[in-house]
Amino acid sequence: MYQALRTFLLPNARCWDADSKRSYQDLFDKIDANKDGKVDVAELRAGLTAMGIFRQGAAQKIVSSGDKNKDGSLDFSEFTKYLKEHEKKLRLTFKSLDKNNDGRIDASEIQQSLEELGMGISRKDAQKILQSMDIDGTMVVDWNEWREHFLFNPAHNLEEIIRYWKHSSVLDIGDSLAIPDEFTEEEKTSGGWWKQLVAGATAGAISRTGTAPLDRMKVFMQVHSSKSNRISLIGGFKLMVTEGGITSLWRGNGINVLKIAPETALKFMAYEQYKKLLSSDGRAIEIYQRFMAGSLAGATAQTAIYPMEVMKTRLTLRKTGQFSGMFDCGKKILRKEGVKAFYKGYIPNLIGIIPYAGIDLAVYESLKNAWLSYYAKDTANPGVLVLLGCGTISSTCGQLASYPLALIRTRMQAQASLDASDQPSMSTLVKRIVAKEGFFGLYRGILPNFMKVIPAVSISYVVYEYMKTGLGISK
């Protein structure tokens, strides 16, 4: 049925010439349902559906791209110009994928091209991508098959798979230990990478501000809650509001937001440098190399901004009138405890990067590859729910694995403000918690931590999408 409709609507599709005005005219006439000499979004959507093309938002993107006079539709001149320009892009992409220049693309060439973009896939998955474009069943795709498959797809290259599956720059759940995203060469040269980092940082700032009360409750329970001093969620909020009012729920949020920009920039720059050191050509990178480069980049960024982490914990736990602000907090810590105080809990924080980043990356890659294997037929776009679901599950798994180390880090950061005479080491603190409270004592505060995941993910994704639009980042 699908091929019959394609044959009816595009009888000459496989022998079109980019300069053949007649072929474009025939296609335009068939899509122009009301014969007014213009094709609007509704008509184009109906035409694409009849061709078996069900890519969400494709019609709107095509009209928006080709509509030069901004009247909401394409006349024949605009329609022709869009298709010609789009075919040129498709031709360039086809040539870049055709590694041996034989005029055909096979599964190994698709596999190699995706690996160069930092996305390794199996031979079987590459064959599935190939099958979605292969009309004659030869298991190779020639130019006509490539053009017919992508002619009315606003995306014109396989880098869309990378763009759809962005992870760490899209979702912010309050922790900055995830492996940085891969950026394509096109994004690096065009400047799209910094726009995505800005969009991600803005989304993170708004997301963290929206979930700050739950974050403060998590830190409060990590430090103060125990078997002998149980703090419930509602009871903890009542204590905080009684002590400092409603605004006290946002204590520590200012510096938590402020550290996003330097940490993101440092991690990205360090990641690119570590990638060059670990890979032979600085571009193609295996999954284990990505994990190593990401972990080292995270450690580098954390080392540079760690004093801000300590100040964030102290400001979050402060009592009314204890500090007048960030600078006052920093001066008092330096005067009373010295420079060493700014690196309290540094070791468990550094160790925590490995389980968090490793499990987050492994789970996300597994979920992504499972979706691409079983559900990616006509498009690499997983949709919002799948993307958010994969990101949420992988980040939650990473947090679950590294949470005991995060609790130890927070307790060590807060030690001096609790009892200056009691400064146990990391191992002593772990033994003390397990002896007094059992293994689950290492998971104090995990409830508010998990409660903030879904709202944090939702807010950061929505803001990220709005920022992408505002900054002119293509989908």
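Every chain begins its residue count from 1, and numbering advances along the sequence as written. This being a predicted model, a pLDDT of at least 70 is required before a residue's local features are given, and a value of 80 or more before pairs of side-chain atoms are given or counted; all residues contribute to the totals for chains, interfaces and linings. The side-chain quantities take in all heavy atoms of the structure and omit both hydrogens and water.

1. Examining the overall build of the protein
For clarity, the threshold we go by: For the purposes of this entry, the term helix denotes a DSSP run of H or I that reaches at least four residues, the term strand denotes a run of E that reaches at least two, and both are numbered from the N terminus. For the exposure calls, accessible area comes from a 1.4 Å probe over protein chains only, and a residue counts as buried if that area is under 20% of its type's maximum, exposed if over 50%, partly exposed in between. A contact between two residues is defined here by any heavy atoms of the two lying within 4.5 Å. For every accessible area listed, the method is Shrake-Rupley and the probe measures 1.4 Å; residues are considered covered only by the protein chains on display.
Across its full length, the protein holds 22 helices and 4 strands. Counting all 475 residues of the protein, 51% fall into the buried class. For the protein, long-range pairs separated by at least 24 residues make up 70% of all intrachain contacts whose partners lie at least 6 apart in sequence. Total accessible area on the protein stands at roughly 22100 Å², and carbon and sulfur atoms take up 61% of it.

2. What about the environment of threonine 303?
Secondary-structure assignment places threonine 303 in helix 16 (residues 287-317). Exposure remark for threonine 303: the relative accessible area of 31% places this residue in the partly exposed category. Threonine 303 sits 43 residues away from tyrosine 346 along the chain, and the two C-alpha atoms are 8.0 Å apart. In contact with threonine 303, other than residues within four places in its own chain, are Tyr343 and Tyr346.

3. Looking at the nonpolar core
Quick reminder of the rule: Definition of nonpolar core: a set of buried residues of the types Ala, Val, Leu, Ile, Met, Phe, Trp, Tyr and Cys, connected through side-chain atoms within 4.5 Å.
In this structure, Ile31, Leu44, Phe79 and Leu83 are the most contacted members of the largest nonpolar core, which totals 17 residues. For this core, the elements supplying multiple residues, two or more each, are helix 2 (21-31), helix 3 (41-50), helix 4 (58-66) and helix 5 (76-97). Counting residues in hydrophobic clusters, the runner-up holds 13 residues, among them Ile105, Ala126, Trp143 and Trp146.

4. A few points about the pattern of salt bridges
Our working rule: The term salt bridge refers to a side-chain nitrogen of Lys or Arg lying within 4 Å of a carboxyl oxygen of Asp or Glu.
Tallied over the full model, the rule gives 12 salt bridges. Lysine 259 is paired through a salt bridge with glutamate 309; the nearest N and O atoms lie 3.1 Å apart. Of this pair, lysine 259 sits in the loop between helix 14 (253-258) and helix 15 (260-278) while glutamate 309 sits in helix 16, placing them 50 residues apart in sequence. In this pair, the class of lysine 259 matches that of glutamate 309, namely buried. Its salt-bridge partner being arginine 314, residue glutamate 337 comes within 2.9 Å of it at the nearest N-O pair.

5. A short note on the side chain of arginine 444
Test applied: The term polar contact refers here to a pair of N or O atoms within 3.5 Å; inside protein, the definition further demands a hydrogen-donor-capable atom paired with an acceptor-capable atom, and it admits residues adjacent in sequence only when both atoms are side-chain atoms.
Locating arginine 444 in the fold gives a position in the loop between helix 20 (426-437) and helix 21 (446-451). At 2.9 Å, the side chain of arginine 444 and the side chain of glutamate 437 are in polar contact. In contact with arginine 444, not counting residues within four places along its chain, are Met221, Gln222, Ser225, Ser226, Lys227, Arg230, Tyr403, Leu407 and Glu437.

6. Section: the packing of helix 16 against helix 17 (residues 326-337)
As a reminder of what qualifies: Here, axes are lines fitted to C-alpha atoms. For helices the fit covers the stretch in contact, and angles between N-to-C directions go from 0 to 180 degrees. Roughly parallel refers to an angle under 35 degrees, roughly antiparallel to one over 145, roughly perpendicular to one between 65 and 115, and oblique to any angle outside these ranges. Residue classes follow a fixed rule: Ala, Val, Leu, Ile, Met, Phe, Trp, Tyr, Cys and Pro count as nonpolar, while Asp, Glu, Lys and Arg count as charged, and any other residue, Gly among them, counts as polar.
It is the contact of helix 16 with helix 17, at a shortest axis distance of 10 Å, that shows an interaxial angle of 105°. Between helix 16 and helix 17, the crossing angle belongs to the class labelled roughly perpendicular. Contacts between helix 16 and helix 17 involve Met311, Arg314 and Leu315 from the first element and Met326, Cys329, Gly330, Ile333 and Glu337 from the second. Looking at the contact of helix 16 with helix 17 residue by residue, the class counts come to 5 nonpolar, 1 polar and 2 charged.

7. Points about the environment of methionine 240
Tracing the sequence through the fold places methionine 240 in helix 13 (residues 233-244). According to the relative accessible area criterion, methionine 240 is buried, its value standing at 2%. Measuring from C-alpha to C-alpha, the distance between methionine 240 and phenylalanine 220 comes to 9.3 Å, with 20 residues separating the pair along the chain. In this structure, methionine 240 is in contact with Arg216, Met217, Phe220, Gly245, Ser248 and Leu249, ignoring residues within four places of it in sequence.

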